[in-house]
Amino acid sequence: MTRWLAALTAVLAVLAPARAWADETVVIEATRLVPPVLTTMTGQRVTFVNRSQRHVHVEFARDGGEHHLVQVPVGSPIWAIFHRPGTHAYVVHVYGARTETLAGSVEVVEDPHYKYESPECVATIMGVCIEP
């Protein structure tokens, strides 16, 4: 019985998709990001959830110094997919009696099985292509 179970487990491991994990999540709180640095793979969806009970927006930095700004409703998520490996920095502004600025990053490693069809996009944020 033990050998049969071991063989079945080995077969299932081979047949299971390489990317069977759930979306990655960054939680925005009033004074911190959890986690402040998220490590993921190219093509993996990253969800940003606003749990601060305040108005916030996220600025995704681009290579030329520009940024892409996205509002995050309280309790509602936004999402991003990073198509290129590397460090993707972002800043969250949490508005209240005073504005908190929280810096975070997504460390993206290459997934050899992920091939993005539009190489001009560094990331897709809520369906919008972000170019370098």
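Note that this is a predicted model, so its numbers are computed, not measured.

The rules behind each value
Residues numbered from 1 in each chain as written. Predicted model: local features only at pLDDT ≥ 70, side-chain atom pairs only at ≥ 80, totals over all residues. Heavy atoms only, no water. Helix = DSSP H or I, 4+ residues; strand = E, 2+ residues; numbered from the N terminus. Contact = heavy atoms within 4.5 Å. Areas by Shrake-Rupley, 256 points an atom, 1.4 Å probe, with all protein chains shown as cover. Disulfide = S-S within 2.5 Å. Buried < 20%, exposed > 50% of the residue type's maximum accessible area, 1.4 Å probe, protein only. Pairing = 2+ DSSP bridges. Core = buried A, V, L, I, M, F, W, Y, C linked by side-chain atoms within 4.5 Å. Phe/Tyr/Trp six-rings, centres within 6.5 Å; stacked < 30°, edge-to-face > 60°.

## Section: the overall build of the chain
No. 1: A tally of regular secondary structure across the chain gives 1 helix and 11 strands.
No. 2: Helices and strands in the chain line up, N terminus first, as α-β-β-β-β-β-β-β-β-β-β-β.
No. 3: Residue pairs in contact within the chain that sit at least 24 positions apart in sequence constitute 59% of those at least 6 positions apart.
No. 4: Accessible surface, the chain: about 7900 Å² in total, of which carbon and sulfur atoms supply 58%.

## Some details on the state of the cysteines
A covalent bond bridging the sulfur atoms of two cysteines is what the word disulfide describes.
No. 1: Per the stated rule, a full pass over the model turns up 1 disulfide.
No. 2: Shown here is the disulfide that connects C121 with C129, its sulfur atoms set 1.8 Å apart. Around the S-S axis, the bridge from C121 to C129 shows a dihedral of about -120 degrees and counts as left-handed.
No. 3: Using a relative accessible area of 3% as the deciding quantity, one classes C121 as buried.
No. 4: By relative accessible area, C129 is classed as partly exposed at 32%.

## Overview of the sheet that holds strand β2 (residues 33–34)
No. 1: The 6 strands lie next to each other as β2-β1-β4-β7-β10-β11, forming an open sheet whose pairing is mixed. The open sheet is flanked by β2 and β11 (128–130), the only strands paired with a single partner.
No. 2: The pairing of strand β7 (residues 77–82) with strand β10 (residues 123–125) spans 3 bridges and is antiparallel. When the bridges of β10 are listed, A80 appears paired with I125.

## As for the nonpolar core
No. 1: Counting 23 residues, the largest nonpolar core has I28, F48, V58, F60, F82, Y90 and V92 as the members making the most contacts within it.
No. 2: Those elements that place two or more of their residues in this core are β1 (24–28), β4 (45–50), β5 (56–61), β6 (67–72), β7, β8 (86–94), β9 (100–109) and β10.
No. 3: Those residues within four positions of V92 in sequence are excluded, and the remaining contacts are I28, L33, V56, H57, V58, E100, T101 and L102.

## A look at the packing of aromatic side chains
No. 1: Counted by the stated rule, this structure contains 3 aromatic pairs.
No. 2: Aromatic side chains F48 and Y90 sit 5.2 Å apart centroid to centroid with 85 degrees between the ring planes, which places their arrangement in the edge-to-face category. With F48 in strand β4 and Y90 in strand β8, this pair connects stretches of sequence that are 42 residues apart. The burial state of F48 is the same as that of Y90; both residues are buried.
No. 3: Geometrically, the ring pair formed by F60 and Y90 is tilted, given 6.1 Å between the ring centres and 40 degrees between the ring planes. With a gap of 30 residues between them, F60 in strand β5 and Y90 in strand β8 connect regions that are remote in the sequence. Note on accessibility: F60 and Y90 belong to one class, buried.
No. 4: The structure contains a cluster of three or more aromatic residues connected by ring pairs, namely F48, F60 and Y90.

## Some thoughts on the side chain of E100
No. 1: Topologically, E100 is positioned in strand β9.
No. 2: For E100, a relative accessible area of 18% gives the class buried.
No. 3: Residues contacting E100, with those up to four places away along its chain left out, are A30, V92, H93 and V94.

Functional significance is not addressed by these values, which are geometric in nature.
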